Amino acid sequence: MKFKSVFFVSCLLWGATPQVWTQQKVPMDFSVFDGWKAIERTQISLNGALVAYEINPQEGDGGLYFYDAEHNGALASFDRGKQAALAHDGSFAAFRIVPPHALVRKMKLDKVKKEKMPKDSIGIFYSGGIKKYGAIKSFSVPKEAGNWLAIHFEAEKSSKKDTAKVKKKFKSEGTPLVFFRPQTGDSLRVNEVTGYVVAPQGTAAYMIQSTGDSTELSVLLRFNPTLFQVDTLMKQSGKMANLVAARQGDRCAFLFSADTVKHKAYDLFYYHNRAGAPKKILPVGNEVFPQSWCASEKGKNWFSDNGARFFFGVAPKPEAEPKDTLTEDEKVHLDLWSWMDADIQPRQKANLKKEQERTWLACYDLAADKTIPLANDSIRRVQPILRGDALYALGYNDLPYRRYADFMGEYAADLYQIDLKSGHQNLLLKQQGQAAELSPSGRHLVYFSVQDSTWHSLNTTTRVDVALASPSGFSFYDELNDMPGFPEPYGIAGFSEDGRWVYLYDRFDVWQFDLNHSQNPVNLTGGRDQKLRYRYLKLDDEEKGINLKRVNYLSIFNEESKQSGMAKLEKGRIYPLFLGDYATLSPLKAKNSDRFVVRRSTFRQYPELELTNGTFQQFTTITHTNPQQENYLWGDIRRVSWTTPMGKKLEGLLVTPEDLDQTKKNPLLVYFYERSSDNLHQHVTPRPSRSIINWAYCASNGYVVFIPDITYTTGDPGASAYDAIVGGTQSMVDQFFFIDSTRMALQGQSWGGYQTAWLITRTNMFRCAMAGAPVSNMTSAYGGIRWQSGMSRIFQYERTQSRIGSTLWDNLDKYIENSPVFFAPNVQTPLLMMHNDNDGAVPWYQGIEYFMALRRLEKPVWMLVYNNEEHNLLRRANTKDLTIRMMQFFDYYLKDAPMPVWMRDGIPAIDKGRKTGYDLIN
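Residues numbered from 1 in each chain as written. Predicted model: local features only at pLDDT ≥ 70, side-chain atom pairs only at ≥ 80, totals over all residues. Heavy atoms only, no water.

A. Focus on the nonpolar core. Grouped together as the largest cluster of nonpolar side chains are 52 residues, with contacts concentrated most on Ile739, Leu746, Leu831 and Tyr850. Once residues lying within four places of it in the same chain are set aside, the contact partners of Ile739 are Lys665, Asn666, Leu668, Val704, Met732, Val733 and Met744. Listed in part, the 40 residues of the second largest apolar core include Ala699, Val705, Trp862 and Leu864. (Core = buried A, V, L, I, M, F, W, Y, C linked by side-chain atoms within 4.5 Å. Buried < 20%, exposed > 50% of the residue type's maximum accessible area, 1.4 Å probe, protein only. Contact = heavy atoms within 4.5 Å.)

B. Geometry of the packing of helix 7 (residues 717-735) against helix 8 (residues 751-759). Between helix 7 and helix 8, whose axes approach to 10 Å, the crossing angle comes to 85°. With respect to helix 8, the axis of helix 7 lies roughly perpendicular. Listed contacts from helix 8 to Pro717, Gly718, Ala719, Ala721, Tyr722, Ile725 and Val726 of helix 7 are Trp751, Tyr754, Gln755, Trp758 and Leu759. For the contact of helix 7 with helix 8, the per-class residue count stands at 10 nonpolar, two polar and no charged. (Axes fitted to C-alpha atoms, helices over the stretch in contact; angles between N-to-C directions. Helix = DSSP H or I, 4+ residues; strand = E, 2+ residues; numbered from the N terminus. Parallel < 35°, antiparallel > 145°, perpendicular 65-115°, else oblique. Nonpolar A, V, L, I, M, F, W, Y, C, P; charged D, E, K, R; others polar.)

C. A look at the side chain of Ser802. Its location among the elements puts Ser802 in the loop between helix 10 (794-798) and helix 11 (812-817). Those residues within four positions of Ser802 in sequence are excluded, and the remaining contacts are Pro717, Trp751, Met778, Gln796 and Tyr797.

D. View of the pairing of strand 11 (residues 175-181). Within strand 11, seven of the seven residues are buried, which leaves the element mostly enclosed by the surrounding structure. The sheet contact formed by strand 10 (residues 149-153) and strand 11 spans four bridges and is antiparallel. Pairing of Ala150 across the sheet is with Phe179, part of strand 11. Sheet topology places strand 11 next to strand 12 (residues 186-198); six bridges connect them, and they run antiparallel. Looking at strand 12, one finds that Val178 is bridged to Arg189. In this structure, the hairpin formed by strand 11 and strand 12 is closed by a connection of four residues, where Gly185 is found at a positive phi of approximately 80°. (Pairing = 2+ DSSP bridges.)

E. Structural context of the pattern of salt bridges. Under the defined criterion, the tally for this structure stands at 63 salt bridges. Asp369 is the partner of Lys279 in a salt bridge, and the nearest nitrogen-oxygen pair spans 2.6 Å. In this pair, Lys279 sits in strand 19 (residues 279-282) while Asp369 sits in the loop between strand 23 (360-365) and strand 24 (370-373), placing the two residues 90 residues apart along the sequence. The network of salt bridges with common partners includes Glu479, Asp506, Arg507, Arg528, Arg533, Glu559, Lys562, Arg639, Glu651 and Asp678. (Salt bridge = Lys/Arg side-chain N within 4 Å of Asp/Glu carboxyl O.)

F. Highlighting the sheet that holds strand 8 (residues 129-133). Read from one edge of the open sheet, four strands run 5-6-7-8, paired in antiparallel fashion. Bordering the open sheet on either side are strand 5 (81-86) and strand 8, each of which pairs with just one other strand. Across this sheet, the average inter-strand angle for adjacent strands is 20°, counted without regard to direction. Two strands pair when backbone bridges link them, and strand 7 (residues 121-126) and strand 8 are joined in this way by five bridges, in the antiparallel orientation. Across the sheet, Phe125 pairs through a bridge with Ile130, a residue of strand 8.

Below, the structure written as structure tokens:
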């Protein structure tokens, strides 16, 4: 690919850092967040010639960049470019151009109506330069071949001449669709298009045109890119919907209804370019499904990868809403909770839209010209394997066990092998969890049994069940599990293409197991002795399975040093490619070349884009995302370890200011969740907080941050946290003179918020604390609801994170002992809480209980309640507000900074939205 270079991106070699005197740097403040940038939507063309990526600030206008990977040169950048789509050979790229952020903001302030807001436009970048067109809905570039694209435009504005015309009874919602070949300039326009689809192999596109005067006339069209012309395939009064095409482009399918009512019943049509006109394959009122069922527009329709099958959803025919016969005052508004319901009412409500739009999967076999039902009222979830190319699908019936999910916290279902040719359902296994997969041939079900913590292979024909015995000294379940429930397996890496072998993970390695049971398991990686964790990298989404005859790539992580990197598995041997003191993100690989895009980070170094080839000997860094970082004080990070009062050997992380003076005392913030030490090399981007402190920002402003790992004993989550956190903090004070033991604070969110709330009932060593969304009363929370999912919280206490390990009635003392609210009189630590009124994980009343207890006891406590916000904040304005208040709170108690007005006066309801209370009291 040869493009004229119109933009230069400065490149840094890995690890190279400009020399800037520390004295020249300044601490970060809140104003830096908006402009701090991130790399997003990185892509590489199939042939590896072209790399595209966005660099976007947290707020404001970003840019789209193109890089010539063949000649190692920057090509071009485009302001406000987004969502690039690359031609398979890198010969061109199309992308959105969004309106300027400042313009959109101003128009929102001016209350401009949505339909009058500026629209996205399209940019097309190719060897001849750049072409831009305005007001687009969407565009599509063939993924695997083809030198053209389709552009769907917004409706054109009517001229005065047009408005003088007689209005039609039927008004098409279609807009222009243009096919365009960038290299030659050829274009073809089709008007009034309501939907279109481009075949991945670039051999065709299909579209629906909606026209008509008194009623809707739908036209199915096919675009032939070779002849650059459009052919009409079908024209009929009615509505077409859900158009999909096979990967090969020679066939498509769609729904059609001649109904004129709002709620339509659809026939299903199929078209093949060798069969003439489209064929109705599933009419309304067919004999395959109940009389009242038909193909549904709510279903996900798709072709198998090889084009031999078409999958679609069916559902009862939609019915019009009955006319009201009661006034609003006469209607009953009731939720009936029944002890026999499979799902409790909140969970039913959480899934209401999904249930209203539920469809049952079916399959049309093209060769047999036969429709096969796959799902039914019992087996509602059906998962075809190999993207539908295989002969079988895996079916799940979870109805018998849904009632118990609230208590067990574990998914369970009866598993069925479903024959895609006959629809026959073969019960394979009862009450199995999520860890189960069918082999590509469908001959074996590989599943993990929690009863014996072992992987099994079930022959689907003979029904012989064989335990895949773990070699001596190796476990295939979570060795570090400290929850009361059964330990989870490390997982399945995949199957061989022929389905004979399955590849399983233990804590460190990838193992090969023979599903014919004629050969012993083989450890392919051998990482345990060196504490190296290997995981398979699936770099091609379309691969059919793992093939050991070709080169396979693996990630590496050293559990002790926290180093990471990559290796390759070739001819039965492991070859390390790179391994170092950094975190390695999942790489990108060009499908048809050995070119890779790699990203590596450290606490200081942002994960820039690096280009390399299959030898991984040289890396070319092609981005420099945040050069302004050189102007600000940052921090350093180290691994620390200690022995707790209960004799546990733990480790954690300690972040220190870049300008640390080890002869002076520094305030300490202690943040925790469960285990965080594996994040030693994670880069922390300065940004406003959704719920927790930002390590880099705190270090820049003179705080030391301690992040201890925590391990737990069933029944004693509070005491376990005390042992790890208080013991670890005391050890840090003893080890490092620069920590001021009189100026320390706790901060945690969710489970960390609970631990914060509990710890301050047991120790006064911290000057203040901040707890986000804490459970304060396990006795009331036990019977509460996780409103986002609608599930009961019972399972969390009996089986998972809260780790009590028994029911409320069997172990009431433990529920009380681990509930901060019962020990509120002990609290002497000023507490800032955040608990939002739309929290879908921890009920809001848990924060209220603790706040009211501390308020009743006249303890200093504040609670931030962001309206209609989730467990972690989503609205950026709220994240900025939380960050300011949280750091003002810590600065007041730990740095003797002035108190902000909000801490003294609160924010009266009459001032809500008008005053922030940020001002400091002199």
